Amino acid sequence: AQTLNPPIRAPPSTANISAAFENCIAALVSERTFGMVKLPMGAMAIEAPIVPRQGISIVGAGAKASVIRCYDTDGIVIQTGTWDQNMAVYRDFGLTAMSGLNRTGFRCATNPYAGEQDGFHLHNLQFFDWDTSIYFGSCWQSNIVECWLERTNTGIRLDGHAVLNNIVHTQIIRTGGGRGHAANRGVIFGVNDIEANNLLDNFIFGFQRCTELGEPWFCQVRGNTFLAAATPGAAMECLTFATVKEKLILAYNIFEGAPGAGSAFTAVVGSPLNSQSGASTSIVHNRFFDDTSAGSGSIGLKINDTALTNQSNGLAFDNNFIGFTTADIRMDNPQNWTVLLNHCRSSAAANSIVVQGAVTPPVRVLNNTCLRPNSYDATALANGSLVVDGNSDGGAYTPTEVWNRTWTPANASSDVFNFTAATGTYSYDRKEWTVRFDVTFPVTAGTALARIGLPATPAATFSGLCGYTDFGAFLAYNTAAGAANFIFYNAAGTALTNAAMSGKRVSGTITFTVA
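Residues numbered from 1 in each chain as written. Predicted model: local features only at pLDDT ≥ 70, side-chain atom pairs only at ≥ 80, totals over all residues. Heavy atoms only, no water.

**Looking at the packing of aromatic side chains**
On inspection of all chains with the given rule, the structure shows 21 aromatic pairs. Here the aromatic rings of Tyr-426 and Trp-433 are separated by 5.3 Å at their centres, their planes lie at 25°, and the arrangement is stacked. Taken individually, Tyr-426 and Trp-433 each receive the classification buried, so the pair is uniform in this respect. Considering the side-chain rings of Phe-437 and Phe-488, the 6.5 Å spacing of their centres and the 65° angle between planes classify their relative orientation as edge-to-face. In this pair, Phe-437 is assigned in strand E45 (residues 432-440) and Phe-488 in strand E49 (residues 485-489), connecting sequence segments 51 residues apart. Note on Phe-437: relative accessible area 3%, which makes it buried. On the basis of relative accessible area, Phe-488 is assigned to the buried category, the value being 0%. Ring pairs connect the aromatic residues Phe-417, Phe-419, Phe-437, Phe-441, Tyr-477, Phe-486 and Phe-488, which therefore count as one cluster. Stacked on the ring of Tyr-135, the Lys or Arg Arg-107 has its end atom at 5.0 Å from the ring centre. (Phe/Tyr/Trp six-rings, centres within 6.5 Å; stacked < 30°, edge-to-face > 60°. Buried < 20%, exposed > 50% of the residue type's maximum accessible area, 1.4 Å probe, protein only. Helix = DSSP H or I, 4+ residues; strand = E, 2+ residues; numbered from the N terminus. Lys NZ or Arg CZ within 6 Å of the ring centre and 35° of its normal.)

Here is the structure:
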């Protein structure tokens, strides 16, 4: 190991220790091509980036105890090349951008495919005031763990052929941004083969877009808290993802925003670049929350938009939605999606669930608890592309399937009387109803048409034959569209009055379809 000594606290004009860093690294390389540079306690200044070699680690006395102040320079820059199984550790120190624009705290390689490098482990580091705090280009098997990134425009960016990297237990906080013009993003996964990378248990706060997943190629986003923020009038999102190349899992996260007046907020947006065969997305066990319900409109989960159709093969399961004003879940042109057992509790939303546009089956909306009305594409419902079952709608639940429920037939004519005896049952499966009745008319001279009420309103006219009757002759019934009752006819086609049915018993089964 080489110890950087002594600690330097003076301004950079008299205390630039870039050369001292280089001397320590060169000494290790000359001895054995690997080793550790130990940073003492204190603040030290550099005016040129630190350039470690393969296998060289840098370890300080603590993230706040050993602080490298960077004057118009990047912090640590890994030279482009192929470092296989590098296993370098960078731990327990801080990097602060003191001056300059568009600088990066830790930069590895360039994008894309400039050199695939393995095994960088960043642990307990602090980054302040950087345009981009950490940039991994074509890094493999590397970890960013328990770091603190604050006052940054882009917190962490993975680009190139970045594979098997983990970002874990890290705080990424914008707090006004850093020095430069990088995108207002907490984490960016780029669009060039970003494969098998994980975002786990992090806190990402204050960005217009907290996380942007370009084309995730198997990716887990689990256990994170995303808190989006933006200047008034600007759109804001917690997480966006484009084309999923293999598998995307969003699980156990909090997606939250506090939009001000004029700001549109969408917690999670899936907006594809193109379609991938066999790829799938699982969005499960998350909490979606609009803190203020005060913006220009907010949506919890939005898949596609009216012009896009290719975000397909997904599951939204057991998520909670609170405080949104436009919809909890909105899907445009969905393909093979299942929306199951979600809790849509936004009381001010126009709709809880919206499914619209060209629906490519199977698309299923099943057993969701919806405080507000739902809106579904009528064509997709009619042709079976969209299956809707078991959901509450507007806070009320209507079963889609009922069997042999007891019902008491009642007189629906203008004559006033009760049946001497009346029993009945009904069953329905979605829109198809079956009603069974058995009534005995009282002795009456009523001149109104004999009419019995139904437990539902037929969408079209239905006719049929009665079952048992002691009328002494053939009897038929007729149900009229839009009328929740039926009347009786004799064999000659004459509608029968109550007097004609006086004292008679009649039973039968009626089937019809409701609207």
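The structure having been displayed, the exposition proceeds.
**Remarks on the layout of surface pockets**
Taken as a whole, the largest pocket encloses approximately 640 Å³ of empty space. Along its surface, the largest pocket is lined by 22 residues, and Leu-381, Val-388, Thr-400, Arg-430 and Lys-431 are the ones closest to its centre. Elements that contribute at least two residues to the lining of the largest pocket include exactly helix H3 (378-383), strand E40 (386-389) and strand E41 (392-393). Per-element accounting of the lining of the largest pocket gives the leading share, 4 residues, to E40. (1 Å grid on protein atoms, 1.4 Å probe; cavity = no way out; pocket = protein on both sides within 12 Å on 5 of 7 lines; lining within 4 Å. Points joined across faces, edges and corners; volume = space filled by probe spheres on them.)

**Some thoughts on unusual backbone geometry**
The step from Pro-361 to Pro-362 runs through a cis peptide bond, and the omega angle for that step is 0°. Although it is not a glycine, Leu-341 sits at a positive phi angle of roughly 55°.

**Brief notes about the pattern of salt bridges**
Enumeration according to the criterion identifies 13 salt bridges in this entry. Glu-22 is the salt-bridge partner of Arg-53, the closest N and O atoms lying 2.5 Å from each other. One end of the pair, Arg-53, is in the loop between strand E3 (42-46) and strand E4 (56-59); the other, Glu-22, is in helix H2 (residues 18-32), and 31 residues separate them in sequence. Of the charged contacts, one joins Glu-212 and Arg-185 as a salt bridge, the two residues approaching to 2.8 Å between their closest N and O atoms. One end of the pair, Glu-212, is in strand E21 (residues 209-213); the other, Arg-185, is in strand E18 (residues 185-189), with 27 residues separating them in the sequence. Shared partners join several salt bridges into a network, and the residues in it are Arg-185, Arg-209, Glu-212 and Glu-237. (Salt bridge = Lys/Arg side-chain N within 4 Å of Asp/Glu carboxyl O.)

**With respect to the sheet that holds strand E36 (residues 351-356)**
Ordered by their spatial adjacency, 12 strands build an open sheet running E6-E8-E11-E15-E18-E21-E24-E27-E30-E33-E36-E39, and the pairing between neighbours is parallel. Looking at which strands have only one partner, the edges of the open sheet turn out to be strand E6 (76-78) and strand E39 (375-376). In this structure, strand E24 (residues 236-241) lies alongside strand E27 (residues 264-270), joined through 5 bridges in parallel fashion. Note on E27: the bridge partner recorded for Phe-241 is Gly-270. (Pairing = 2+ DSSP bridges.)

**Brief notes about the pairing of E36**
Where strand E33 (residues 327-332) meets E36, 5 bridges bridge the pair, whose relative direction is parallel. Looking at E36, one finds that Ala-327 is bridged to Asn-351. Bridging between E36 and E39 involves 2 bridges; their strand directions are parallel. The partner of Val-354 across the bridge, within E39, is Ser-375.

**A short note on the confidence of the model for the protein chain**
Residues with a pLDDT of 70 or more make up 92% of the protein chain, whose mean pLDDT is 89. Taken as a whole, residues 6-14 scores under 50 in pLDDT and shows 15 contacts with residues more than four places along the chain or in a different chain. (pLDDT = per-residue confidence, 0-100. Contact = heavy atoms within 4.5 Å.)

**A short note on the sheet that holds strand E44 (residues 421-429)**
One open sheet holds the 4 strands; their spatial order is E43-E44-E45-E50, and the pairing between them is antiparallel. Each end of this open sheet is capped by a strand with a single partner; those strands are strand E43 (401-406) and strand E50 (505-513). For this sheet, the mean inter-axis angle between neighbouring strands, taken without regard to orientation, is 10°. Looking at chain direction, E45 and E50 are connected through 9 bridges and run antiparallel. Within E50, the position partnered with Trp-433 by the bridge is Phe-512. (Axes fitted to C-alpha atoms, helices over the stretch in contact; angles between N-to-C directions.)

**Some remarks on the side chain of Asn-184**
Of note, Asn-184 is situated in the loop between strand E17 (171-173) and E18. A relative accessible area of 17% places Asn-184 in the buried class. A distance of 3.2 Å separates polar atoms of two side chains, one belonging to Asn-184 and the other to Arg-174. In contact with Asn-184, not counting residues within four places along its chain, are Asn-153, Arg-174, Phe-207, Gln-208 and Arg-209. (Polar contact = N/O pair within 3.5 Å; in protein donor to acceptor, adjacent residues only side chain to side chain.)

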